[in-house]
Number of protein chains: 4
Amino acid sequence: MSDINKVVLAYSGGLDTSVIVRWLQDTYQCEVVTFTADIGQGEEVEPARAKAEALGVKEIYIDDLREEFVRDFVFPMFRANTLYEGEYRLGTSIARPLIAKRLIEIANETGADAISHGATGKGNDQVRFELGAYALKPGIRVIAPWREWDLTSREKLMEYCEARDIPVDFARQKTKSPYSMDANLLHISYEGGVLEDPWQEAEEPMWRWSVSPEAAPDTPTYIELEYRRGDIVAIDGESMSPATVLEHLNRVGGANGIGRDDIVENRYVGMKSRGAYETPGGTIMLRAHRAMESLTLDREVAHLKDELMPRYAHIIYNGYWWSPERRMLQAAIDQSQEYVNGTVRLKLYKGNVIVCGRQSSDSLFDDRIATFEDDAGAYDQKDAEGFIKLNALRLRIAANRGRGML
Amino acid sequence: MSDINKVVLAYSGGLDTSVIVRWLQDTYQCEVVTFTADIGQGEEVEPARAKAEALGVKEIYIDDLREEFVRDFVFPMFRANTLYEGEYRLGTSIARPLIAKRLIEIANETGADAISHGATGKGNDQVRFELGAYALKPGIRVIAPWREWDLTSREKLMEYCEARDIPVDFARQKTKSPYSMDANLLHISYEGGVLEDPWQEAEEPMWRWSVSPEAAPDTPTYIELEYRRGDIVAIDGESMSPATVLEHLNRVGGANGIGRDDIVENRYVGMKSRGAYETPGGTIMLRAHRAMESLTLDREVAHLKDELMPRYAHIIYNGYWWSPERRMLQAAIDQSQEYVNGTVRLKLYKGNVIVCGRQSSDSLFDDRIATFEDDAGAYDQKDAEGFIKLNALRLRIAANRGRGML
Amino acid sequence: MSDINKVVLAYSGGLDTSVIVRWLQDTYQCEVVTFTADIGQGEEVEPARAKAEALGVKEIYIDDLREEFVRDFVFPMFRANTLYEGEYRLGTSIARPLIAKRLIEIANETGADAISHGATGKGNDQVRFELGAYALKPGIRVIAPWREWDLTSREKLMEYCEARDIPVDFARQKTKSPYSMDANLLHISYEGGVLEDPWQEAEEPMWRWSVSPEAAPDTPTYIELEYRRGDIVAIDGESMSPATVLEHLNRVGGANGIGRDDIVENRYVGMKSRGAYETPGGTIMLRAHRAMESLTLDREVAHLKDELMPRYAHIIYNGYWWSPERRMLQAAIDQSQEYVNGTVRLKLYKGNVIVCGRQSSDSLFDDRIATFEDDAGAYDQKDAEGFIKLNALRLRIAANRGRGML
Amino acid sequence: MSDINKVVLAYSGGLDTSVIVRWLQDTYQCEVVTFTADIGQGEEVEPARAKAEALGVKEIYIDDLREEFVRDFVFPMFRANTLYEGEYRLGTSIARPLIAKRLIEIANETGADAISHGATGKGNDQVRFELGAYALKPGIRVIAPWREWDLTSREKLMEYCEARDIPVDFARQKTKSPYSMDANLLHISYEGGVLEDPWQEAEEPMWRWSVSPEAAPDTPTYIELEYRRGDIVAIDGESMSPATVLEHLNRVGGANGIGRDDIVENRYVGMKSRGAYETPGGTIMLRAHRAMESLTLDREVAHLKDELMPRYAHIIYNGYWWSPERRMLQAAIDQSQEYVNGTVRLKLYKGNVIVCGRQSSDSLFDDRIATFEDDAGAYDQKDAEGFIKLNALRLRIAANRGRGML
């Protein structure tokens, strides 16, 4: 195991990844480079510096990746109206390729020959980190401590800390959430605890980013989102950067009880798991983007997007962001957004995201044609007969040959 | 035009189709058979008898089709989690093939050589009626008065009524809704009026089947839905027929502000139109069915269903229920539902349908494997390494050949 | 009918379109602009000028579109390995959008308010011409004489010619082929005659572009095709323009009995028809392009292309080249071709196109890994166990729950 | 390793699997049950009995599975016109699930707790065997010697034989083909040797089942295949069992130089490999089945099948025959074949399979409509105008809004 000289670790500053720093140093006799990113998880990242230093780390990377995260990952994904299994807004999945990319960039900068992460061997995240890493640097080595070590229980972990002088904030450990959580600017997720029984309702105190619909204000909030080429560029008339857009929507969504999901999903590694998610801004964005497209997108393009979306979603879910098939689909999706410009008006109320209006200078809604009133000849109703007759022709021929439908 | 002897008309008993009765008699010098169905539109159908008699109709069919509608059309459609363009629950679309079928059955029984309907030449319904009719009886003639006559304004229609002694309830005409509406057990729809401007919010008084989320009760309602092979067979422990299930869910959904949609959709005839829909029961059913499947369906089957769904949806939307391609897809969908058995627990609250729990004796959720706790060897985390390595192989080879991803 | 002042006609110079010139002049009292294109049909186009002049046409367009045809239509289509219904190389379909485009360009240049063509009301070509025209110039008027006039038999047409002094080459009419034919650089097609009975074999004299496999040389011909980004840029080491590539492959393919197809296909207008096609160069190109991709394309991209191809094919077949959905798919297809570079070696022999070799500096074939010999650790066979175990996990869980597969 | 008591081995009787028998006995100290199947590989299976007995095997299974193979695996697959990556007829892939099924059945009968096979750790076959086994018996243990042992070269294998007294037919070893081969009633495959260089042409002596096109007869052979529900039931008027059909077609196809393929394919384990295949009967069947469908299948069903086919193909290729997603697709495919009845006439000549005719009492080809002659009103050409106009509507609206296509 001595052939690894330096490893870049995705380091949160928490206990688990602190243990990993020491374990890597011990096990591989290698130098550890830590990388901590602000992707909007809502916790300070700077404290990770002192902790890493205390563990003897010499090369410490702390990055604010919030704008890149939303601009280059979240926004492109939402252009496709992406939902995994009809429900999941891919909040965890979409952050992983960015982490993988930075790990590899830092490995290149520091001359590291390996990367490491704190994801377990049962989940999707290990796959996402490692597929991304391999795709970007095929010769990279990957160390996944949770698949290798024998610290398989909290007790063993604590013993290890004690033996290696890793400082443990026991107060914090005691009040630790019973849930395994992950957060970034798009969402916060919860797994484990009572959620392991899919029949049990999640407990109210679990939720952190949103009030319950019951606790939300009794009066609705209206907002207007302005789109350019499928991305939100302004809210209520104010131009905003991508990360600011999402922060704003998280705040207003969470305050109105929006964005909670409780799902049983199929992991790539082959098992079902139950997760709870809060995605306030993402929930608003998905609904609004569809509304914007409903006015501006050609019908066949919209249908093609709908048929491609599930595949695009599981490509991302399974960890293949950095793959040629995702890029191929993205080329089509991005091409489709040329005219997705305009404004969507929403009413937010106690968990509901209600579309009230949409307008666009690129609208394909033609009121002269759609009207129930006299259309002054814009549409010739007699055309419909031929349209129906020829569309029915194959069905009539079949029926004539005795093929019954009943 | 004298070659038509008898025509079966889809007759609502309202003014428009009453005019059509007389117009058919006059124009085609033919006998008219009326067919009025209770498909849960919420209006008495029996009064249509007297009106038809007054118009000289001798063969009058009045059917209660509610159970057939839900059992043979609504339920099969919901097995596919069907949504048209990500939003529309196909409330109008799914009723048309049943009407078409009965029109043809009655044509066969009465020896009629034509059918007729009151749908306009701009909409989808003409297509759905006529494709169905042609598929079931290829030699049938179709008369679509709105595409043929010159009664293109309300004034001309009134003049026609006066000239032909068709009784007009002027009081009712005056208070007539400004919206074009359609209702059945699955939904009620609204088009026209202020909705013709997609930027305008629908007015509260328009909605008929549901209270607004604001007006809904301040305490949630919990219900449990029991599934067998993908269909709901009991609610809160009480066995119910298909139509009773949907009636029950409409009631409880509507009371909790559930099921309103405001959509710009793409019609088959090529234009965009804006519609508002209330689908309280259907909104609950869609969410619950996905939850039931999330526990019981294999991952790849679930993904395949998601990819096929948009096509299945537009087959129905476009009027091809009675087609070989719909039957082919239905065979696959129905086959997938074998194990979709169990119970879903929902919380209904001010427009929200919240999944709280799901359980099934056919559950594929294996808590021994999914647990964050020690799984006693049910899953070997080391397997993940090989899994990732081989899934990454093609990406690594490509990267080795210099194909950059960034 | 007097509101049309000038019409651009797709004019072949043959009898039928000559009759159309006169019929348009008579019926619409309008000026006719003729447009004749060389798209590789193998007949001189210049003689059309004198014929048009004789009919009193003042604006005559004669264009050589061969390079544009292959470069902008044929080549992009072949990047997708396009086959309609598994068999048809879309030789007719792909030429129509180019004709439609030129008709509209000429209408814009000459200030014409209508276009016209000689396609019948039963076929696909009318649809392709007219959808293209409407997409490019939505206000254009379309005159389709075969749908309007009463010259429905050859006799009536001859009478019309006589009455209007249209010169008929009776000698040629007598020896006229019994088949309806269409040709361009990609193919020649035959319909009608004995082909109207799908059980009857096509007669040998019908075929014009290829010898029969029996009559082809007894010794094979080898060729090497060089690809750049999915398109052929050289043959046997000689750089060639797109049209020259296709001409060359037609010649060598036809000489070796390659490219005959005899198909029953489904027309967009709803009927089945039987057609025979000779596509010598296209048959070679399809096989060779797949071979080039087999070496250079990522697996998932290749599979995605295969799943999208049938839809892309029917978009083109149905006449939607000039549509946003075709452009959206094209964006994905073109993106996929970045590394489809290299050389394919083929053996052509009596109807067979046999791939003998393929090589590429962008090859993803890694002989160090693929070898049956010792691979020096390039691939760790033990990885396969984890790969299989996790891929099997969902199947095992299902089987454990008693879901039998037999 | 002593926890395995009995293992069922897929035993060919050849040297490699004979070594495996001994290696299993030695390594696991367990009893070995051999299973040898005749699936049409063209070699006697009975000699395997004596060899197994000589190795001390007490439970020996020798089955003739040819009819089951074709009836339950090959025929269902061909109903979908299955091709992997546009070229490969899945000859190897489709035999594996049958072997897996018998292995598990025998494990159940003999009380074995494991199965074993001779597939390497680089290929697809290990995956197919093991996924099938796990799906059918989730608790089964799998022993894959090639992934476990260190007999990684022919020399080591020979040393092992010598050390364990395993009889080696050295004469045969010397004249051993340089190719790795696999055969069953559907095909014979070749990998390795000169094929490892994709630029090198396969050598003529490699091919075993077919003559070269050059060596095939100078006169064509005509055959007529009769279909019932998508399967061939008779050839040239003679009823035949499934296996007899395939044997017959292999014979006549091979004699006419039909069915050779030379492909670079993408393995499920992530690498590209080059293989050569002879599939004489399958090549005929694929072409003929499409021809039968072209006459009898509805257009939309045909297109849906074409879009689903690539996925169905890679499900089988990747080893998921025994999966719920394959069954779901099969339900749709089988449903589509109800009217695929009739006769196809083929001309076989020097590598070419030429469709000459097709007829069916379930034909949807309607010559009264398709004719170029007067159709007596069966089709109203004027219907086409409305058909085109409404199909163009969305394109015209977009163009009116200034969306250019050029």
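The name an unreviewed UniProt entry assigns to chain A is Argininosuccinate synthase, from the organism Chromatocurvus halotolerans. Among the UniProt annotations of chain A, the heading Subcellular location (unreviewed entry) holds the following wording: "Cytoplasm". The record held by UniProt for chain A lists under Subunit (unreviewed entry) the comment "Homotetramer."

K.L.:
What am I meant to see in the sheet that holds strand S14 (residues 352–359) of chain C here?
P.N.:
Two orientations exist for strands paired in a sheet by backbone hydrogen bonds: parallel and antiparallel. All names here are of chain C. Sheet architecture is open: five strands sit in the order S10-S9-S8-S13-S14, paired in antiparallel fashion. What marks the edges here is a single partner per strand, and that holds for strand S10 (238–239) and S14. Where helix H9 (residues 242–255) meets the sheet, its contacts fall on strand S8 (221–228), strand S9 (231–235) and strand S13 (342–349), and the angle it forms with S9 comes to roughly 70 degrees.

K.L.:
I tried to follow the relation of the copies chain B and chain A on my own but got confused; where do I start?
P.N.:
Note that the two copies of the chain are related through a rotation about an axis and a translation along the same axis. Note on the copies: chain B fits chain A at an RMSD of 0.0 Å, the axial shift is 0.0 Å, and the rotation between them is 180 degrees. Put plainly, the chains are arranged around a two-fold axis. Measuring from the rotation axis to each C-alpha of chain B, the shortest distance belongs to glutamate 307 of chain B, at 2.8 Å. A high fraction, 100%, of the interface residues of chain B reappear at the interface in chain A, so the copies pair face to face through one surface.

K.L.:
Any chance you could explain the side chain of aspartate 383 of chain C here in plain terms?
P.N.:
Summarising the element assignment, aspartate 383 of chain C is placed in helix H14 (residues 383–400). Although aspartate 383 of chain C lies buried, it forms no salt bridge, and the closest oppositely charged side chain, lysine 389 of chain B, sits 4.2 Å away as judged by the N-O distance. Contact partners of aspartate 383 of chain C, with chain neighbours within four places excluded, come to Gly386, Phe387, Lys389 and Leu390 of chain B.

K.L.:
Where do I start with the environment of aspartate 125 of chain D in this structure?
P.N.:
With respect to the helices, strands and loops of the structure, aspartate 125 of chain D is situated in helix H5 (residues 125–136). Reaching out from aspartate 125 of chain D, the side chain makes a polar contact with the side chain of arginine 128 of chain D at a distance of 2.7 Å.

K.L.:
Just checking my understanding: could you explain the pattern of salt bridges for this structure?
P.N.:
Any two side chains of opposite charge can pair, on the condition that their charged atoms come close. Inspection of every chain in the model, using the stated rule, returns 145 salt bridges over all chains. Among the ionic pairs, arginine 128 of chain C bridges to aspartate 125 of chain C, the shortest N-O distance being 2.7 Å. Here the residue arginine 128 of chain C and the residue aspartate 125 of chain C both occupy positions in helix H5 (residues 125–136), the gap between them amounting to three residues, near one helical turn. Glutamate 214 of chain C is the partner of lysine 347 of chain D in a salt bridge, and the nearest nitrogen-oxygen pair spans 2.7 Å. Residue lysine 347 of chain D is located in strand S13 (residues 342–349), and its partner glutamate 214 of chain C is located in the loop between strand S7 (188–191) and S8; the two belong to separate chains. Given the relative accessible area of 11%, lysine 347 of chain D is considered buried. Through salt bridges with shared partners, a single ionic network connects Asp63, Glu68, Lys101, Arg102 and Glu105 of chain A.

K.L.:
I'm lost on helix H11 (residues 299–317) of chain A in this one. Help?
P.N.:
An α-helical segment advances 3.6 residues per turn. Residues three or four places apart therefore align on the same side. Residues and elements named next belong to chain A. The end-to-end C-alpha distance of H11 is 27 Å, a good match for the 27 Å that 19 residues give at a rise of 1.5 Å each. Helix geometry: H11 is bent most strongly at leucine 308, by close to 40 degrees, with proline proline 310 lying one to four residues after it. Most of H11 is tucked away: 18 of the 19 residues are buried. A distance of 2.8 Å separates the backbone nitrogen of glutamate 300 from a side-chain oxygen at the start of H11, and that oxygen is part of aspartate 298. Backbone geometry just downstream of H11 places glycine 319 in the positive-phi region, at approximately 100 degrees.

K.L.:
Before we go on, may I ask you to explain unusual backbone geometry in this structure?
P.N.:
The phi torsion of most residues other than glycine is negative, and most of the peptide bonds are trans. All names here are of chain A. Despite not being glycine, aspartate 236 has its phi angle at roughly 50 degrees, a positive value. By secondary structure assignment, the location of aspartate 236 is in the loop between strand S9 (231–235) and strand S10 (238–239). Phi at lysine 350 is positive, roughly 45 degrees, even though this residue is not glycine. For lysine 350, a relative accessible area of 2% puts it in the buried group.

K.L.:
Explanation requested: the sheet that holds strand S5 (residues 141–143) of chain B in the structure shown.
P.N.:
Residues and elements named next belong to chain B. The strand order across the open sheet built from five strands is S3-S2-S1-S4-S5, with neighbouring strands paired in parallel fashion. Here the strands that pair on one side only, and so sit at the sheet edges, are strand S3 (59–64) and S5. Geometrically, the sheet is characterised by an average inter-axis angle of 25 degrees between neighbouring strands, direction not taken into account. Examined bridge by bridge, strand S2 (residues 31–38) and S3 share six bridges and lie parallel to one another. If you follow valine 33 over to S3, its bridge partner there is glutamate 59.

K.L.:
Honestly, the environment of tyrosine 227 of chain C in this entry has me stumped. Any pointers?
P.N.:
Residue and element names in this part refer to chain C. Mapped onto the elements of the fold, tyrosine 227 is located in strand S8. With 146 residues separating them along the chain, tyrosine 227 and asparagine 81 place their C-alpha atoms 14 Å apart. Every residue in contact with tyrosine 227, bar those within four places of it in the chain, is listed here: Ile232, Val233, Met285, Ala288, His289, Met292, Val340, Asn341, Gly342 and Val344. Of note is the side chain of tyrosine 227, whose polar atom sits 3.2 Å from the backbone nitrogen of histidine 289.

K.L.:
Before we go on, may I ask you to explain the UniProt feature "binding site: L-aspartate" (unreviewed entry) in chain A in this structure?
P.N.:
Under the present numbering, the feature "binding site: L-aspartate" (unreviewed entry) in UniProt falls on Thr120, Asn124 and Asp125 of chain A. Take threonine 120 of chain A: it is sitting in the loop between strand S4 (114–116) and helix H5 (125–136). For threonine 120 of chain A, a relative accessible area of 28% corresponds to the partly exposed category. Aside from chain neighbours lying at most four places away, what touches threonine 120 of chain A is Gln126 and Trp146 of chain A together with Gln381 of chain B. Reaching out from threonine 120 of chain A, the side chain makes a polar contact with the backbone nitrogen of lysine 122 of chain A at a distance of 3.2 Å. Relative to the helices and strands, asparagine 124 of chain A resides in the loop between S4 and H5. Since its relative accessible area comes to 6%, asparagine 124 of chain A is described here as buried.

K.L.:
Got a minute to help me understand the relation of the copies chain C and chain A in this structure?
P.N.:
It takes a turn of 180 degrees to lay chain C on chain A, together with a shift of 0.0 Å along the axis; the resulting RMSD is 0.0 Å. Same-surface contact between copies: 100% of interface residues of chain C are shared with the interface of chain A.

K.L.:
So what exactly am I meant to see when it comes to the interface of chain B and chain A here?
P.N.:
Many descriptions give the size of an interface as the accessible area lost when the pieces come together. Taken residue by residue, the interface counts 106 residues in chain B and 106 residues in chain A. Among the residues of chain B in contact with chain A, Trp199, Lys272 and Met405 of chain B are the three that bury the most area, contributing 9% of the side total. Scanning the region where chain B abuts chain A turns up eight salt bridges. Of the charged contacts, one joins arginine 394 of chain B and glutamate 325 of chain A as a salt bridge, the two residues approaching to 2.7 Å between their closest N and O atoms. The tally of links between chain B and chain A comes to 42 residue pairs in polar contact (both at pLDDT 80 or more). The element contributing the most residues to the side of chain B that touches chain A is helix H14 (residues 383–400) of chain B, with 12 residues. Among the residues making up the side of chain B that touches chain A, the classes are represented as 43 nonpolar, 25 polar and 38 charged.

Parameters and conventions
Residues numbered from 1 in each chain as written. Chains lettered and ligands numbered in written order. Predicted model: local features only at pLDDT ≥ 70, side-chain atom pairs only at ≥ 80, totals over all residues. Heavy atoms only, no water. UniProt positions renumbered as here; feature names shortened; annotations may be inferred. Pairing = 2+ DSSP bridges. Helix = DSSP H or I, 4+ residues; strand = E, 2+ residues; numbered from the N terminus. Contact = heavy atoms within 4.5 Å. Axes fitted to C-alpha atoms, helices over the stretch in contact; angles between N-to-C directions. Least-squares fit on C-alpha atoms with pLDDT ≥ 70 in both. Buried < 20%, exposed > 50% of the residue type's maximum accessible area, 1.4 Å probe, protein only. Lys, Arg positive; Asp, Glu negative; His and termini not counted. Salt bridge = Lys/Arg side-chain N within 4 Å of Asp/Glu carboxyl O. Polar contact = N/O pair within 3.5 Å; in protein donor to acceptor, adjacent residues only side chain to side chain. Expected span 1.5 Å × (residues − 1). Bend = angle between axes of the 7 residues up to and from the residue. Buried area = accessible area lost by both parts, 1.4 Å probe. Nonpolar A, V, L, I, M, F, W, Y, C, P; charged D, E, K, R; others polar.

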